[in-house]
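Geometric and topological summary
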Amino acid sequence: MAGEFGNPEIVEEEVDILIIGGGMGACGAAYEIGPWLDQAKKQGIDLKVKLVDKAAMERSGAVAQGLSAINTYLGEQDPADYARMVSNDLMGITRDDLAYDLGRHVDDSVHLFEEWGLPIWKQPGDEGKPLVEGGKPVRSGKWQIMINGESYKWIVAEAAKKGLGTGRIQEHVFIVKLVNDKNDKNRIAGAIGFSVREHKIYVYTFKACLLVAGGCVNIFRPRSVGEGMGRAWYPVWNAGSTYAMAAEAGAELTMMENRFVPTRFKDGYGPVGAWFLLFKAKAVNAFGEVYMDTNKELLNDYPPYGQAAVPASCLRNHLMMKEIREGRGPIYMDTVSALGKLAETMTPKEIKRLEAEAWEDFLDMCIGQAGVWAGENIEPEKKNSELMPTEPYLLGSHSGCCGIWVSGPTDVGAPTDEEHADAGKIPSHLPSGWNWGYRSMTTVKGLFTAADGVGASGHKFSSGSHAEGRLAAKAMVQFCMDNKDHKPELADSVADLVNEIYRPVRNFLENKDYSTAIDVNPHYITPKMLQFRLQKVMDEYVAGVSTMYQTNAKMMEVAEQKLEMLKEDALKMRAKDLHELLRAWENYHRILTAEAHMKHIQFREESRYPGFYYRMDYNFIDEENWKCFVNSVYDKETKTWNCFKRAHVDIVDKSKLFK
Ligand code: SFD
Ligand code: AMP
């Protein structure tokens, strides 16, 4: 029976593995899983897989617009050095086992991208020579390589679709909730979602699930409001689904206090990496002073991180924010000097090419910024462009590390004394609580994650996210083989779940005639209005742009009260169509994610990430008491969070960073 608005068709499907999301992590898993399924089949185990994405995979997720660089490609470099860089950029609290593991696998994904047709820039003389044949990439930085990446996501999605087969892929389905197992609360058994195109609700039952629905955007009021609504740096359609659904399922989260405040070209959110690293541009204040030099002494406040050869992203922001606070803004990227200097040794033809590259950097991944340049008559060789720290974003794959606590690799670990002496040997055991058998499995049995989902290990970027999806795929197949006789049973009834999901639709249908203006009604609130309220609370009390990223315990007390009321009102959200139903449930995910973020900031009594946020009542780094992970578990019955410390252990020696 075909469904109708308010009375959807219920589609129930039993699979062994469900992949939620169609982004870089999901595409990695979709590509990788085939051969492992074949292995399982040879042993008589026939596993059924499905992938669901809320959008269309060719343009879904963070890489939708394309990218101009692959930010993680190791080449000849040591994965231990990569783990050091990740740790340093995230102020010392990351899981070396996860970063090392990613570092040793990531290049293989990049080689596949090139094989599938992604153009990777090569050094003169090596043009056309693939990386696997020794072609030398154009490195913008130590870890980053340049690409012509407008169609990056198309290329990666095509391979994923080919690998998995389109019959196993369902697009335009938004997953709302994970469902635990009836017989084991700490196990996952299913998921429920709805089509954003048809009046259908999908209920999946499975043994294992890869939750890779990206990071969280739009919980803070963005700098661009009315005039630029919908414009943000990270993709607006990543609404914290990964963190919220995992938390509700009972998974342990980690480092949810961490956030990323990217410095970006103002208004268009254009990337800065290529400008700083490839074009060697400097950021300056209104008077042309290089604040990274003039404010250098501020770094001494944060030992040992302030002494690193490359100061962490948050510390670079910290030095810039002093200029803004003290009235020496606007801040500019000095594109004129940078291009002028590069042009000194170039022919006119080469200069034209350089200028084209500057535009392409935006056209490949952030077309809106090219629009700002065109609209404001900015020619980068003639006029500098403003920079601005953006509103905060929550993610685990870019320069941030919030996410879910997962099981690490089995063959990487803390060295024994003898292993320390034998530097070439990879140690083989992890601190307790870092591994429980399956790479990337969360603390809930059968629930896996990757990419933005995995916490305490940032700087994976697009390539690392893909690689981590592949690692998780392999581990999920193993998990299903080891649990081949397990029969998942949903803890909640399908009727109850459907009822809950369609509440916003009922709110609308039952009350719409109460007033003559569709958006004004005493019985419901529109998802858009609710989102504004959430953004205002987070912005004003939880260290958004309006307080220059400052908060304190008292401000968060107020935020807490306001969020409680917001949650009450969230039950009154209306959905006048499927699009609003999507918006309503995205808000639900955002609220839970925002709450986790706030609870973690409350718990960590220090300011670990100056330049990302400041707790003004603890405006320092406290290495003695807080060089640890802050983890949390949410109890969906009592709706309470339990935050706690987990010991941090350096597996890779970090002293090399600070010489
Ligand atoms: O310039 C549901 N990233 C960059 N990586 C690079 O390698 N180089 C760069 O140049 C990068 N830069 C950059 C980057 C991202 C963005 C937005 C910009 C610039 C502007 C980072 C990477 O893109 C990022 O690390 C990965 O894409 C993360 O992968 P993953 O899989 O964690 O997330 P995703 O790709 O966004 O995919 C999420 C998917 O989930 C779907 N989804 N599906 C069903 N139900 C739900 N409830 C869902 N919620 C979400 C989405 O549709 C999507 O398919 S630069 O700044 O450094
Ligand atoms: P972005 O465009 O800011 O996302 O940066 C792309 C890549 O360059 C990321 O790996 C960043 O960590 C790195 N990066 C950006 N700016 C700098 C900088 N000033 N110094 C060192 N690395 C940077």
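On a predicted model such as this, the values are computed, not experimentally measured, just so you know.

Reading guide: rules and limits
- Residues numbered from 1 in each chain as written.
- Chains lettered and ligands numbered in written order.
- Predicted model: local features only at pLDDT ≥ 70, side-chain atom pairs only at ≥ 80, totals over all residues.
- Heavy atoms only, no water.
- Patch = residues over 30% accessible without salt bridge, like charges linked within 9 Å, V, L, I, M, F, W, Y side chains within 5 Å.
- Areas by Shrake-Rupley, 256 points an atom, 1.4 Å probe, with all protein chains shown as cover.
- Salt bridge = Lys/Arg side-chain N within 4 Å of Asp/Glu carboxyl O.
- Lys, Arg positive; Asp, Glu negative; His and termini not counted.
- Charge placed at Lys NZ, Arg CZ, Asp CG, Glu CD.
- Helix = DSSP H or I, 4+ residues; strand = E, 2+ residues; numbered from the N terminus.
- Buried < 20%, exposed > 50% of the residue type's maximum accessible area, 1.4 Å probe, protein only.
- Pairing = 2+ DSSP bridges.
- Near = heavy atom within 4 Å.
- Polar contact = N/O pair within 3.5 Å; in protein donor to acceptor, adjacent residues only side chain to side chain.
- Nonpolar A, V, L, I, M, F, W, Y, C, P; charged D, E, K, R; others polar.
- Domains from an automatic or database assignment.
- Contact = heavy atoms within 4.5 Å.
- Buried area = accessible area lost by both parts, 1.4 Å probe.
- Right-handed = clockwise from strand over helix to strand, strands pointing away.

Before going further, it helps to spend a moment on a negative patch on the surface. On the surface, Asp 492, Asp 496, Asp 635 and Glu 637 cluster together to form a negatively charged patch. As for its placement among the helices and strands, Asp 492 is situated in the loop between α13 (461-482) and α14 (494-501). Judged by its relative accessible area of 32%, Asp 492 falls in the partly exposed class.

Time to look at the pairing of strand β7 (residues 173-181). Taken residue by residue, a regular strand's side chains alternate between the two faces of the sheet. Along β7, 9 of the 9 residues are buried, which leaves the element largely enclosed by surrounding structure. Across 8 bridges, β7 lies against strand β8 (residues 184-195) in antiparallel orientation. Each bridged residue has a counterpart across the sheet, and for Ile 175 the counterpart in β8 is Gly 193. Hairpin geometry of β7 and β8 is characterised by an intervening segment of 2 residues between the two adjacent antiparallel strands.

What follows deals with the site of ligand 1. Among the 38 residues in the neighbourhood of ligand 1, the closest are listed as Asp 53, Ala 62, Ala 69, Ser 397 and Ser 462. Asn 238 places a side-chain nitrogen or oxygen 2.8 Å from an oxygen atom of ligand 1. Relative to its unbound accessible surface of 1100 Å², ligand 1 loses 97% to contact with the protein. Residues that form the shell around ligand 1 fall into these classes: 20 nonpolar, 14 polar and 4 charged.

This part covers the domain arrangement of the chain. Splitting the chain by domain gives domain 1 (9-65 + 151-256 + 399-482), domain 2 (268-388) and domain 3 (502-622). Distance from the C-alpha centre of domain 2 to the C-alpha centre of domain 3: 33 Å. Domain 2 puts 10 residues into the contact, and the matching count from domain 3 is 10 residues. Taken over both partners, the interface formed by domain 2 and domain 3 buries close to 910 Å², and the fraction arising from carbon and sulfur atoms is 70%. Looking only at domain 2, the three residues that lose the most surface to domain 3 are Tyr 302, Cys 314 and Met 321, adding up to 53% of its buried area.

Okay, the pairing of strand β2 (residues 17-20) next. In β2, alternate side chains face the same way, and those of Ile 17 and Ile 19 on one face and Leu 18 and Ile 20 on the other are all buried. Crossover connection from β2 via helix α1 (residues 24-42) to parallel strand β3 (residues 49-53): handedness right-handed. As judged from the 4 bridges shared by β2 and strand β10 (residues 208-211), these two strands associate in the parallel manner. Of the residues in β10, the one forming a bridge with Ile 17 is Ala 208.

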